[in-house]
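The primary structure of each chain is shown beneath.
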Amino acid sequence: MATFTLATADSLKAALEQQEDVLTANHATRLHRAISWLKSAEQAQSIDIEFISLWISFSACFSVDDLGDETLEAHASFQQFIELIVNNDSDNKIYSCLWEEYSGHVKSLVKNPFVFHPFWVAQRNGTNFWQEEFDQSSIKALNALSRKRVPELCSIVLDRLFVLRNQIIHGGATFEGRVNREQVRDGAGLLGTLMPLFIEIMLTANDEAWGDVRYPVINRH
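Because the structure is predicted, anything quoted here is derived from the model rather than measured.

1. Thoughts on the overall build of the protein
No. 1: If you tally the helices and strands in the protein, you get 10 helices and 0 strands.
No. 2: Secondary structure elements of the protein, listed N to C terminal, follow the sequence α-α-α-α-α-α-α-α-α-α.
No. 3: For a compact globule of 221 residues, the expected C-alpha radius of gyration is about 17 Å, and the protein comes in at 17 Å, within 12% of that figure.
No. 4: Counting only C-alpha atoms and orienting by the principal axes, one finds that the protein spans roughly 55 × 40 × 35 Å.
No. 5: A total of 221 residues make up the protein; the buried ones form 48% of that total.
No. 6: By sequence separation, contacts in the protein at least 24 residues apart represent 73% of the contacts at least 6 residues apart.
No. 7: With the model as given, the accessible surface of the protein reaches about 11600 Å², and the carbon-plus-sulfur share is 50%.

Now the structure itself:
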């Protein structure tokens, strides 16, 4: 099991309030939004709502909702975000989470074709040319897990969760339905552990270039 305690939304909010005088307004807004949705996830009575809230929290840290049909893994700015997060994880908490705490969920997720983007492309096109790519991606993820290649592993895992996010947000899943329970449970468990770590890292590494917040607060006077 992991040797650290995850921060709660309330403790992260308190840490944010203590640092607001040294944070840019842009970064403070980003983290305030992320923490608010983490709080929503903590209070959720449904695992579907928990996963959606956690994804919005992640999206507040790195806005990914304008990618259309792209995969996260192929998006350059997403790769830069992951590199920044991992490079500033001086205590290796992300790897500890993915290996010690949730390795079973990670393995289950990367072996699940229903959260693999090319699988659904093949279904739409009436082809079956996804299996080889899926097998290669799964091997790549498991190798990254065993060899501590954290940016590569994070990229693959979050890309799979992006497919799950699209299924739910675009009405491709039934609320509290039985069909996709395994991946929703895995997704909520992983994001529920990763998001406090991401926010904590971004609070500490406040001088990094995290980019401009989307939909900034506009004061109209």
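2. Examining unusual backbone geometry
No. 1: Of note in this structure, Glu176 is not a glycine but carries a positive phi near 55°.
No. 2: Among the structural elements, Glu176 can be located in the loop between helix 9 (150-169) and helix 10 (181-204).
No. 3: The class for Glu176 is partly exposed, based on a relative accessible area of 47%.
No. 4: You will see that Tyr215, though not glycine, has its phi angle at about 55°, which is positive.
No. 5: One can find Tyr215 in the segment after helix 10.

3. Digging into the packing of aromatic side chains
No. 1: Using the criterion set out here, one finds 15 aromatic pairs in the structure.
No. 2: Here the aromatic rings of Phe114 and Trp120 are separated by 6.3 Å at their centres, their planes lie at 45°, and the arrangement is tilted.
No. 3: What makes Trp120 partly exposed here is its relative accessible area of 32%.
No. 4: Cluster of aromatic residues (ring-pair linked, three or more members): Phe51, Trp55, Phe58, Phe62, Phe81, Phe162, Phe198 and Trp210.

4. Quick notes on the nonpolar core
No. 1: The biggest cluster of nonpolar side chains holds 57 residues, and the ones touching the most others in it are Phe81, Ile94 and Ile199.
No. 2: Here the element with the most residues in this core is helix 10; it accounts for 12 residues.
No. 3: Here Ile199 is in contact with Leu12, Leu31, Ala34, Ile35, Leu38, Ser57 and Cys61, once residues within four sequence places are set aside.
No. 4: The next biggest cluster of nonpolar side chains, apart from the first, holds 5 residues, and it includes Phe116, Phe119, Trp130 and Phe134.

5. Some details on the state of the cysteines
No. 1: Here the structure, examined in full by the defined rule, presents 0 disulfides.
No. 2: Cys154 supplies the cysteine sulfur nearest to Cys61, a cysteine that is in no disulfide, at a spacing of 13 Å.
No. 3: Summary of cysteine pairing: Cys154 is not part of a disulfide, and the nearest cysteine sulfur, belonging to Cys97, is at 8.1 Å.

6. Comments concerning the side chain of Ser137
No. 1: Relative to the elements of secondary structure, Ser137 occurs in helix 8 (residues 131-146).
No. 2: Not counting residues up to four positions away in its chain, the partners in contact with Ser137 are Phe116, Ile156 and Arg160.

About the cut-offs
- Residues numbered from 1 in each chain as written.
- Predicted model: local features only at pLDDT ≥ 70, side-chain atom pairs only at ≥ 80, totals over all residues.
- Heavy atoms only, no water.
- Helix = DSSP H or I, 4+ residues; strand = E, 2+ residues; numbered from the N terminus.
- Rg over C-alpha atoms; globule rule 2.2 N^0.38 Å.
- Buried < 20%, exposed > 50% of the residue type's maximum accessible area, 1.4 Å probe, protein only.
- Contact = heavy atoms within 4.5 Å.
- Areas by Shrake-Rupley, 256 points an atom, 1.4 Å probe, with all protein chains shown as cover.
- Phe/Tyr/Trp six-rings, centres within 6.5 Å; stacked < 30°, edge-to-face > 60°.
- Core = buried A, V, L, I, M, F, W, Y, C linked by side-chain atoms within 4.5 Å.
- Disulfide = S-S within 2.5 Å.

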